[in-house]
Amino acid sequence: MITPMSSQPAAAAMPPRHFLDIADVDAATLRRMIDLAAQYRTGTAPEALRRPLAGKTLAMIFEKPSTRTRVSFQVGMQQLGGEVVVLSHQDTQLGRGETIPDASRVLSRFVDIMMIRTFAPETLHELADYASVPVINGLTDETHPCQVMADIATFEQHRGPIAGKVIAWTGDGNNVAQSWIEAAPKFGFEMRLACPEGLEPREDIVARARAEGATVIVGSDPRELLVGADCVITDTWLSMHDTDTDRSNALLPYQVNADLMACAKPSALFMHCLPAHRNEEVTDEVMDGPQSVVWDEAENRLHAQKAVMVWCMGLLS
Ligand code: CP
Ligand code: NVA
């Protein structure tokens, strides 16, 4: 038997909740996501948020390689009760020129949420603009917000509230660094970046964080900027989108080795989003040393991604 349609007019669709950049989300919401990530880590999440995505599907689009992002989203979605479709650029019609707006509208008919790892942020924004389901930024050339959510969860796992702390970045002022800057006014920590000339973070991102009340210091001397730091962070000298072949001379003074680490507080943590190029941006001694929390940081991608997806799906206020 065919059930007649309701005579009620359809309710106006709510715009989807995208997670595109930390700067776009209010501080209280970000705090709830971090707290939920900690609950997922400790197995104390509310019953209603343990497997709330049964019957839902996440599509992941990759235009760049990934290990942590791919696995954390896939396992996270499975733990939340949902399923995943993985689309690599070259294996889909996107690789043959189907436009992002067209792909976005089509995928929105099949899946309930999307994550994209891409190059230009314009691609991410175009996907979101044409989607009728939430879109998550899984890294662009400019930002990596999911990584920094996991990093903040990691800092708080080890050192308690990040508000009022000093976070120091040394090396290329890249996508991960820029998401850290965006997080500074939201979580109330001081952000310091030591970068060689020409590899500083974008001025508009720094200016916005400062306008929102954060202390953001950008300089070139890591030994000076690390003094008093509660956390030292670095990343690869060459990101996936970078075409320069040799930055090692410029970046060698920014390498996190035992000597540089000693400039920070003795209690300072060491973080790296991974993958690391061992003995380039960080020495084995630091990476495998007692201050390093890189494996917890990787694990927290899983817990943070779950919290972000649950928020995007409207299940967290
Ligand atoms: N940190 C991070 O995003 O790792 P992958 O490139 O392996 O996803
Ligand atoms: N800055 C790095 C991060 C990798 C997770 C890149 O973009 O390649």
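See the structure above.
One structure accompanies this document, and this report is about it.

### Observations concerning the nonpolar core
Move 1: One finds Phe19, Met33, Ile136, Trp180, Phe189 and Met191 to be the most contacted residues of the largest nonpolar core, which totals 61 residues.
Move 2: In this structure, Met33 is in contact with Phe19, Val25, Met149, Ala307, Val308, Trp311 and Leu316, ignoring residues within four places of it in sequence.

### With respect to the site of ligand 1
Move 1: Neighbouring residues of ligand 1: Ser66, Thr67, Arg68, Thr69, Arg117, His144, Gln147, Cys273, Leu274 and Arg301.
Move 2: The separation between an oxygen atom of ligand 1 and a polar side-chain atom of Arg117 is 2.8 Å.
Move 3: Between a nitrogen atom of ligand 1 and a main-chain N or O atom of Cys273, the distance comes to 3.0 Å.
Move 4: Computed on the free molecule, ligand 1 has an accessible area of 250 Å², of which 95% lies beneath the protein chains in the complex.
Move 5: Because more than half of its atoms lie within 2 Å of the grid, ligand 1 is assigned to the largest pocket.

### Some thoughts on the packing of aromatic side chains
Move 1: Considering all chains together, one arrives at 1 aromatic pair under this definition.
Move 2: Ring plane angle 70 degrees and centroid distance 5.5 Å describe the contact between Trp180 and Phe189, whose orientation is recorded as edge-to-face. For the pair shown, Trp180 and Phe189 are each scored as buried.
Move 3: When the ring centre of Phe119 is taken as origin, the NZ or CZ atom of Lys64, which lies over that ring, is 4.7 Å away.

### Here we look at the environment of Cys146
Move 1: Mapping Cys146 onto the fold places it in helix α5 (residues 145-159).
Move 2: As for Cys146 and Val308, which are separated by 162 residues in sequence, their C-alpha atoms are 8.0 Å apart.
Move 3: Leave out the neighbours within four places in its chain, and Cys146 touches Phe19, Phe73, Ile136, Asn137, Arg301 and Gln305.

### Here's the deal with the pattern of salt bridges
Move 1: Counted by the stated rule, this structure contains 16 salt bridges.
Move 2: A salt bridge links Glu156 to Arg31; the shortest N-O distance between them is 2.8 Å. Highlighted residues: Glu156 in helix α5 and Arg31 in helix α1 (residues 27-42), separated in sequence by 125 residues.
Move 3: A salt bridge links Asp141 to Lys64; the nearest nitrogen and oxygen atoms lie 2.6 Å apart. On the criterion of sequence distance, the pair formed by Asp141 in the loop between β4 (135-137) and α5 and Lys64 in the loop between β1 (57-62) and α2 (68-79) is long-range, its members being 77 residues apart.

### Structural notes on the site of ligand 2
Move 1: Lining the immediate environment of ligand 2, one finds Leu139, Asn174, Asn175, Asp235, Ser239, Met240, Cys273 and Leu274.
Move 2: Residue Asn174 places a side-chain N or O atom 3.2 Å away from a nitrogen atom belonging to ligand 2.
Move 3: A distance of 2.8 Å is found between an oxygen atom of ligand 2 and a side-chain nitrogen or oxygen belonging to Asn175.
Move 4: Coverage of ligand 2 by the protein amounts to 94% of the 270 Å² it exposes when considered alone.
Move 5: Among the cavities detected, the one that contains ligand 2 is the largest pocket.
Move 6: Counted by class, the shell around ligand 2 contains 4 nonpolar, 3 polar and 1 charged residues.

### Brief notes about unusual backbone geometry
Move 1: Put simply, Leu274 and Pro275 share a cis peptide bond, and its omega is 10 degrees.
Move 2: When you line up the elements, Pro275 lands in the loop between β9 (269-272) and α11 (284-287).
Move 3: Look at Leu139: it is not a glycine, yet its phi comes out positive at around 120 degrees.
Move 4: Examined against the element boundaries, Leu139 turns out to sit in the loop between β4 and α5.
Move 5: Looking at Leu139, the relative accessible area reads 5%, which means it is buried.
Move 6: Even without a glycine there, the phi angle at Asn279 is positive, about 70 degrees.

Calculation rules
Residues numbered from 1 in each chain as written. Chains lettered and ligands numbered in written order. Predicted model: local features only at pLDDT ≥ 70, side-chain atom pairs only at ≥ 80, totals over all residues. Heavy atoms only, no water. Core = buried A, V, L, I, M, F, W, Y, C linked by side-chain atoms within 4.5 Å. Buried < 20%, exposed > 50% of the residue type's maximum accessible area, 1.4 Å probe, protein only. Contact = heavy atoms within 4.5 Å. Near = heavy atom within 4 Å. Polar contact = N/O pair within 3.5 Å; in protein donor to acceptor, adjacent residues only side chain to side chain. Areas by Shrake-Rupley, 256 points an atom, 1.4 Å probe, with all protein chains shown as cover. 1 Å grid on protein atoms, 1.4 Å probe; cavity = no way out; pocket = protein on both sides within 12 Å on 5 of 7 lines; lining within 4 Å. Sits in = over half its atoms within 2 Å of the grid points. Phe/Tyr/Trp six-rings, centres within 6.5 Å; stacked < 30°, edge-to-face > 60°. Lys NZ or Arg CZ within 6 Å of the ring centre and 35° of its normal. Helix = DSSP H or I, 4+ residues; strand = E, 2+ residues; numbered from the N terminus. Salt bridge = Lys/Arg side-chain N within 4 Å of Asp/Glu carboxyl O. Nonpolar A, V, L, I, M, F, W, Y, C, P; charged D, E, K, R; others polar.

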